[in-house]
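Residue-level listing of the chains:
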Amino acid sequence: MPHDHIINMFFSTISLVGIWFLFILHRKYSIDRFREEMFRLRDEVFNYAESGEIDFNSQAYGLLRTAANGFIRFAHKLSVLQMILFYFSVKNFKLIDTKDSFDEKWAKSLEGFNDEKAKTLKEYKLRMSLLVIKHIVFSSPPLLLTIIFPLITCFAIKYALSNFVRVLKTPLNDINSAAFAYGGSC
Amino acid sequence: MTKKSRAALEAENKLLRKYKVSESIANVMNTVIKWSALVWIVKYGYLSILALAGQITKADLGVNLLANEAFAKVVAVIFAFGGIGYGLNERRLRKNTVEGLSSRVQELEGMVDESRSSSQLTPRGDTHPKDI
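Note that this is a predicted model, so its numbers are computed, not measured.

**Concerning the overall build of chain A**
- Scanning chain A for helices and strands turns up 6 helices and 0 strands.
- From first element to last, N terminus to C terminus, chain A shows the α and β order α-α-α-α-α-α.
- For chain A, whose C-alpha radius of gyration is 27 Å, the value lies well above the compact-globule estimate of 16 Å for 186 residues.
- For the C-alpha atoms alone, the extent of chain A along its principal axes is close to 80 × 65 × 40 Å.
- Across the 186 residues of chain A, 15% fall into the buried class.

Structure (structure tokens):
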């Protein structure tokens, strides 16, 4: 076997092991980032309650804080694979009493608040859900490689092309005008 | 708090068990995928040593791929940029954490010590622009 092939094999192997290790580090980083973002959101909700807008003992505050704590604690268990498996295993499953579901409790907890406060609280909950979705998607190397990177590349190319066309718009317009003028004079 | 009925508790228990089962399956699958990838890489690393010793030829598809110059360059570039990206993201996360904690530390310490002095770093822990 040629010498350069052996060198290539050596570097390929080292790089592949490195990439494999990066995937593991990426997952750990994603968990840290998710926890950091969730801590920040929890702090914001705390500050909102501290400002006197809502009571620390209100059910809505309790639900938001408890859910945030749960996500922070079990961030390492949130993954695409588990979400898919869990979704299919409970697809046709019904809790006997629907008032035990989080959504029912949440809806009930907002009843005592005026529209503005309820809207703010709903925004906090929405942001929490978005953080979870973002974490699940971005912490998965297969999803990153097969969906996110191609999508970002696609948008980047589209953006670059549209800018390129905009830059060329004036010269193109001049050329078109000249062509039109020549065509008209024939 | 109202006491849950037996049926409601059983339903809740069933839901938790389903969650646990899906979690266990996901854990097993994740572990299998993660470690089999490393085994695959190590296997071909080993085969490349055998090739070096002249015991096998590079007819094997995997060895052939690893020996390909373009492939070696692509994976090296991915590794390098991945490492740089990872480092930069970690740094940004650390600064976010500093930013998040510093304001609270400042506020709480200020309550205890009114004449508290400051390092004059920025909220994200960078050198103050005036000090550069």
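**Overview of the overall build of chain B**
- Along chain B, the regular secondary structure elements total 3 helices and 0 strands.
- Sequence-ordered secondary structure for chain B, helices as α and strands as β, is α-α-α.
- Taking 132 residues into account, the globule formula puts the C-alpha radius of gyration at 14 Å, and chain B, at 28 Å, lies well above it.
- The principal-axis extent of the C-alpha atoms belonging to chain B is close to 75 × 70 × 20 Å.
- Within chain B, the proportion of its 132 residues that are buried is 9%.

**Regarding the interface of chain A and chain B**
- Contact residues are listed per partner, giving 37 residues for chain A and 44 residues for chain B.
- If you list the elements that add at least two residues to the side of chain A that touches chain B, you get helix H1 (3-50) and helix H3 (80-89) of chain A.
- Take the side of chain A that touches chain B: its biggest share by element is 23 residues, from H1(A).
- The residue inventory of the side of chain A that touches chain B, partitioned by class, reads 20 nonpolar, 10 polar and 7 charged.

**Some thoughts on the nonpolar core**
- One finds A:Met9, A:Leu16, B:Ile41, B:Tyr44, B:Ala51, B:Val63, B:Leu66, B:Ala67, B:Ala72, B:Val75 and B:Phe79 forming the largest nonpolar core, which totals 11 residues.
- Elements with a minimum of two residues in this core: H1 of chain A together with helix H1 (6-52), helix H2 (61-67) and helix H3 (69-112) of chain B.
- Core analysis: the second largest hydrophobic core is formed by 10 residues, A:Phe34, A:Ala60, A:Ala68 and A:Phe71 among them.

**A few points about the packing of H1(A) against helix H5 (residues 115-138) of chain A**
Residue and element names in this part refer to chain A.
- With their axes 10 Å apart at the nearest point, H1 and H5 run at an angle of 175° to one another. Here H1 lies roughly antiparallel to H5, going by the angle between them. The segment H1 lies against H5, with Ser-30, Phe-34, Glu-37, Met-38, Leu-41, Val-45 and Tyr-48 engaging Thr-120, Tyr-124, Arg-127, Met-128, Leu-131, His-135 and Phe-138.

Rules of the game
The written sequence of each chain sets the order in which its residues are numbered from 1. Written order determines the labels here, with chains lettered from A and ligands numbered from 1. Confidence filtering applies because this is a predicted model: local features only for residues at pLDDT of at least 70, side-chain atom pairs given and counted only at 80 or more, and all residues used for totals across whole chains, interfaces and linings. Numbering of helices and strands starts at the N terminus; helices are DSSP runs of H or I of at least 4 residues and strands are runs of E of at least 2. Each radius of gyration is computed over the set of C-alpha atoms, and the globule rule expresses the reference value as 2.2 Å times the number of residues to the power 0.38. Residues with at least 20 other C-beta atoms within 10 Å of their own are called buried, those with 12 or fewer are called exposed, and the rest are partly exposed. The C-beta atoms themselves are positioned from the backbone. Any two residues are considered in contact once their C-beta atoms, placed from the backbone, lie within 7 Å. Only Asp, Glu, Lys and Arg are considered charged, only Ala, Val, Leu, Ile, Met, Phe, Trp, Tyr, Cys and Pro nonpolar, and every remaining residue, Gly among them, polar. Put simply, a nonpolar core is buried Ala, Val, Leu, Ile, Met, Phe, Trp, Tyr and Cys residues tied into one set by C-beta atoms within 7 Å. Under this scheme, a helix contributes an axis fitted over its contacting stretch, all axes are lines through C-alpha atoms, and angles between N-to-C directions fall in the 0 to 180 degree range. Working rule for angles: under 35 degrees goes down as roughly parallel, over 145 as roughly antiparallel, 65 to 115 as roughly perpendicular, anything else as oblique.

Geometry only, nothing functional implied.
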